[in-house]
Amino acid sequence: AAPPSTPLPPLPGGVLELTAECLGIDLSCLDEINSPPLDPEVLSVFVPPFISKEVIQATNINSSNFNKTKRRSFRKKRERPKVENVKNPNGEQKAPDTEDISVPKDIDLIGLPQLCFPGGLYITSESKEDHIHFLVFTDDGYISSNGQAHRESVQTAKAFGCFIPFAICVISRYPYFNALKDCLSCLLVHLRPLKDLDVDDRIKEFAAKLSLIPSPPPGTLHLIFNMKPLQIVFPSREDPDSPIIDLDLHLPLLCFKPEQVLQIITCILTEQRIVFFSSDWALLTLIAECFMLYLHPIQWQHTFVPILSHQMLDFVMAPTSFLMGCHIDHFEEVSQEAEDLILINIDNGDITHSKSSVDEVIIPDVPSQAADLFIKRVESLQLHYDLELCHFSSSTDFIELQMRRRAWQQKLNTEVQQITLQLIVNIFREVKDHLNYEHRVFNSEEFLKTRSPGDQPFYKKVLETHIFHSFLKARLNRKMDAFARLELSTQSEEDRLNSMLDSPRRLTVEKMASKRFNPQYMISKRLVISMPNLQDIKPHDSPARTSSLRRSETEHGSSSLLSTFKIPEIHFPLMSQCVHTYYTDFINHLTRAINILQHDNSALLARYFYLRGLIGLMQGKLLDALSDFQNLYKTDIRIFPTDLVRKMVETMPPSERSLAERKPELKRLISQVMEKQREVTKIDDHVKNFKLPKTHMQLDDFVKRIQESGIVKDIDTIHRLFDALTVGHQKQIDPETFKDFYNYWKETEAEAQEVNLPHTVLEHLDTNECVYKLSCSVKTNYGVGKIAMTQKRLFLLTEGRPGYVEITTFRNIEDVKSTTVAFLLLRIPTLRIKSVSKKEVFEANLKTECDLWHLMVKEMWAGKKMADDHKDPQYIQQALTNVLLMDAVVGALHSSKTIYAASKLSYFDKMKNEVPMMVPKTTSETLKHKINPSVGETFPQAVDVLLYTPGHLDAGDRIEDARPKLWCALSEGRVIVFDASTWTIQQHCFKVGSSKLTCMVMVEQSQVWIGSQDAIIYIINTHSMSCNKQLNDHRAHITDIIVENSEAYSCSLDGTVIAWNINTLKVNRRLQLPCKDLFSVKLHDNHLWCCTGSGILVVTANGSPWQEMKIEENLKDVCSRFLCFQLFPEGDQVWMSCSGSSDLYIWNATDLSRAPQKIHLQDCSEITCMIKVKSQIWIGSRGISQGKTRGKIYVIDAEKKTVEKELVGHADTVKALCSAEDRYVLSGSGREEGKIAIWKVE
């Protein structure tokens, strides 16, 4: 134990940091009432803890120094210093060792009195009304609530008949504005009847109460404390990354018009020097704080002093950005003395600026579309509570009235949050299109070019700020914060499709039409893309997805799910036994709540465990506290207090540490927490703006520069581009060539954005078609006009009155030739295109453009054929990129070899001519579609695991929850989720750990369990798409998970099998099998079939052996290790494969001692996975096709034991298979290709 004089650490996460009592004068110097403002001073400071360890130890409460913080001492200098009385366990008074008062290191008690009386301290002849205002100390996030009362001094009232201002300041780390205001209001009620000598005791009692109240953990649990006469509510933050909101967010909307609110937001985003003014000190802080919350998750990076006392007015002369607040009395003084300030008058809603040293200060407008939507939504809000009360009966219960008002405010706060967050998302949504994540580059110039002229002044200013730089860091770190969640949930269908195809940026027909015509015109037109028809596996009642604003997960039902927990009474006088009783009552209340709570409400259960762990820690019950924190892994790991638990472990006495490590679950917890500390690495958070190179580039540097530019990411394509730009030169690229190429590419992109097709042309095109290339005006046998190329077709944009004449779709091209025709004495280069659907050959006299168009049309034709043959729309997107790169190469190079250089990029055309890969007929008929989960990545990623989850639509579910999904596990713990009805990405990559993922299973509609090589099972909430639970009971790689009724079984490589209760996540049974390479487990006929590398072990549900088959007894000469395992219960069959073998072995499940049947798979190198689909076994493998190694799938009739189909759909080994309701099979391939194929089941 620590020495007796060491103070007990304050409650971690406690509400109170410090309480100070301020009085304004030295009474001996008082001459008259109407004197100038006097200097206030601090009389008393109350800082937790209020009981020493020596006292606590008398009640056997052990404590540790895990939560010590640095303090500095403040000595109150007075003639007769006040001494706090401390009693020892025997009740005798004990003199303190010092009169030093330990205060938080960032709280300046010398400057505090000025802020408690910011308008100055005056003695009055009559009592004035009590009032409260708020301060903010930004260094450590402290907030302060100050209550001021005018009390008649007992000592001086008779002599002077005066009233002396008296202030109480409560300082907290948490912004509980309303809660602390209520607390102070209750205190002031109790102080009024007291004499001066009793005031300190009552304030100390008040401070002691607050110091024992914990701040609630993030989530939906609010804490209620009875302060008498009010019920005080301490609200929780929504999630660990969200701020606590305990103020009325609609206040600025009452003070300013929506247009003015936007102006103020612009001033903050552009980091102006801002000063708020008001005659009400409380409003200054509340309004400023509201604007800070409006920007969330963007954060103000500069000085924030919402209240300046009259002695601090010179702060506004600071040259850097700031946000400050002054009393309205100082408005003229500040506006005259300081330059370049934005002056905001809260009282009358005016926004002006002070004198300027340069030109007049201009506040740019918020982007028009975002502003219009914001104004419209704000105007629809009900901001007046009195209107809400009209239809209610009058309440006779004050507590009920208080709760009703609080519920209304909470609902309104949520609406305001959603509106302001939507504003931020609408302003910055397209920033992500100009980011390069690999090299952490933001192309600000290109982003600005894509903004409308009216919006550019706003973005030019914002892009230079620290605020925006911090925002970019979060985007490049792929932080899934409130911005990212809302941005994802409100994506349009077109944006989702584009994210799947990684297309060059061009204006679609739909967007072109929306510029000129009623948007409703295009709604009925379909988004055309090669998608499989999976309508039969969509939920029958599933509504169509729209691009309109949808409520995010945080809004979805949030208000109805809020819960409260009433904190037990704290009895006084404050002695050790009282505190001990309070902690015991708190734990008993929490234990009762835990015992009666249903396990399906795991989120609320987690909050109870968190609080019980916190209070147990204060009682010194460290093992109990650790166990409660351990339970957060199975209820909600997002609120696990890692730093607190680490400090507990580091300072735990050896005896208790030894006891903890005897319990396997606590030993694992301690190990994980301490390992995390060692694994912490500094996040690379630098951000670069793209700049053109100034030196010559070798291949590697060129690859990096092109990727940074955002032109293309695929390394193979960039290598071909490098070859094209260095034709006839040494293998390096000079800065001028790069600049010419880059500028031509961007100019072409900008020109394409300006293409404005007439209505008569648009109606012939599909909504997602883009015009990628326009020729010069040429003569053709269809008339004079410009040839236009989209990703689907060629058409002629006729001159005169613009019209549409279709030339051909790329799918229907039969032949393309570049030739010449005679015209007088000239030979004019001509392009000829023969189409399957037309007898007449199209001819265009393209002259100097002929060779380029010949290359481009052939590449698009070959790309379309590849896309159709392989059912992979990404091929046409790759062909488009190749074509546009050809165009830019020709535009940038000025030599006779430009066409030859451009031909280096004819990838698909060369592939078609040199090594035609014929897709077998059976494969073509069975293959429905291919998707690429690695789209936009530098390299393809192996598809390690696939899981299909069916759609369902329950009452209250979001549209996204109703759709079937495909879950795809990539390398390093990454998971991508697709909408399986459209094959668009529903959830961009999220991570679960950093190890390889090995298995996935849907346990119930709201949970997906994912097993990892780090021995952890991660539980994903399918509504929020986040991991909020973990199962840590395994000690080796998780290899398989299966579900049967209300139980889930997981197995790990060390032979451990655990049966889990799905509802409670408790371990029902743990089996330890006598093997060390267990890789799969199945449940059949109440027996567990466990497959290891060396054989099969069949055990009962309790682990008793039933059957066993060993590889050395059956296949010793032909097989060294089993690799795959599948049960076929209908035929009592066990299907197995061996490493490095092309043979399948089939055992009789009733008697494993019989010799197996064997099926040989032709042209197969190794079987890698297998699944059962209806009466078929689908086998994934690595094999040979047309002389090359390919990923192959064999479909075998399980009854006839014959190969029905041999499918060649992948360029690399088939690594994963899964079934979509036995109607489709999905296969994923290795890292050479990294794609997913969808196959039709016959």
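Residues numbered from 1 in each chain as written. Predicted model: local features only at pLDDT ≥ 70, side-chain atom pairs only at ≥ 80, totals over all residues. Heavy atoms only, no water.

The protein chain carries the name DENN domain-containing protein 3 in an unreviewed UniProt entry, which gives Chelonoidis abingdonii as its organism. Taken verbatim from the UniProt record of the protein chain, the Subunit (unreviewed entry) comment is "Forms oligomers. Interacts with 6 of the 7 known isoforms of 14-3-3 proteins." Listed in UniProt under the heading Subcellular location (unreviewed entry), the comment for the protein chain reads: "Cytoplasm". (UniProt positions renumbered as here; feature names shortened; annotations may be inferred.)

Notes on the sheet that holds strand 14 (residues 322-327)
Reading across the sheet, the five strands line up as 13-14-12-15-16 and stay open at both edges, with mixed pairing between neighbours. Edge positions in the sheet fall to strand 13 (303-305) and strand 16 (350-353), since each has one partner strand and no second. Here the strands of the sheet are splayed against their neighbours by 20° on average, with no regard to which way each runs. Across three bridges, strand 13 lies against strand 14 in parallel orientation. (Pairing = 2+ DSSP bridges. Helix = DSSP H or I, 4+ residues; strand = E, 2+ residues; numbered from the N terminus. Axes fitted to C-alpha atoms, helices over the stretch in contact; angles between N-to-C directions.)

Let's talk about helix 21 (residues 622-635)
Taking 1.5 Å of rise per residue, 14 residues should cover 20 Å, and helix 21 covers 20 Å from first to last C-alpha, within 8% of that figure. Buried residues dominate helix 21, accounting for 11 of its 14 residues. Burial in helix 21 covers these residues: L622, L623, A625, L626, D628, F629, Q630, L632, Y633, K634 and T635. (Expected span 1.5 Å × (residues − 1). Buried < 20%, exposed > 50% of the residue type's maximum accessible area, 1.4 Å probe, protein only.)

So, the pattern of salt bridges
Counted according to the given criterion, the structure contains 46 salt bridges. The partner of K746 in a salt bridge is E446, and the shortest N-O contact between them spans 4.0 Å. Note that K746 is positioned in helix 27 (residues 735-753) and E446 in helix 13 (residues 444-449), a separation of 300 residues in sequence. Residue K746 is classed as buried on the basis of its relative accessible area of 6%. A salt bridge links E1047 to R1069; the nearest nitrogen and oxygen atoms lie 3.0 Å apart. Within this pair, whereas E1047 is found in strand 38 (residues 1047-1052), its partner R1069 is found in strand 40 (residues 1067-1072), the two being separated by 22 residues in sequence. E1047 gets classed as buried once you look at its relative accessible area, which sits at 14%. Judged by relative accessible area, which is 22%, R1069 ranks as partly exposed. Bridged by salt links that share partners, the residues D766, E769, K792, R793 and E806 form one connected network. (Salt bridge = Lys/Arg side-chain N within 4 Å of Asp/Glu carboxyl O.)

Re the environment of S309
If you trace the backbone, S309 turns up in the loop between strand 13 and strand 14. Owing to a relative accessible area of 0%, S309 belongs among the buried residues under this scheme. Linking S309 and W281, residues 28 residues apart in sequence, is a C-alpha distance of 10.0 Å. Discounting residues that sit within four places of it in the chain, S309 has contacts with Q114, L115 and P118. Within the structure, S309 has its side chain in polar contact with the side chain of Q311 (distance 3.1 Å). (Contact = heavy atoms within 4.5 Å. Polar contact = N/O pair within 3.5 Å; in protein donor to acceptor, adjacent residues only side chain to side chain.)

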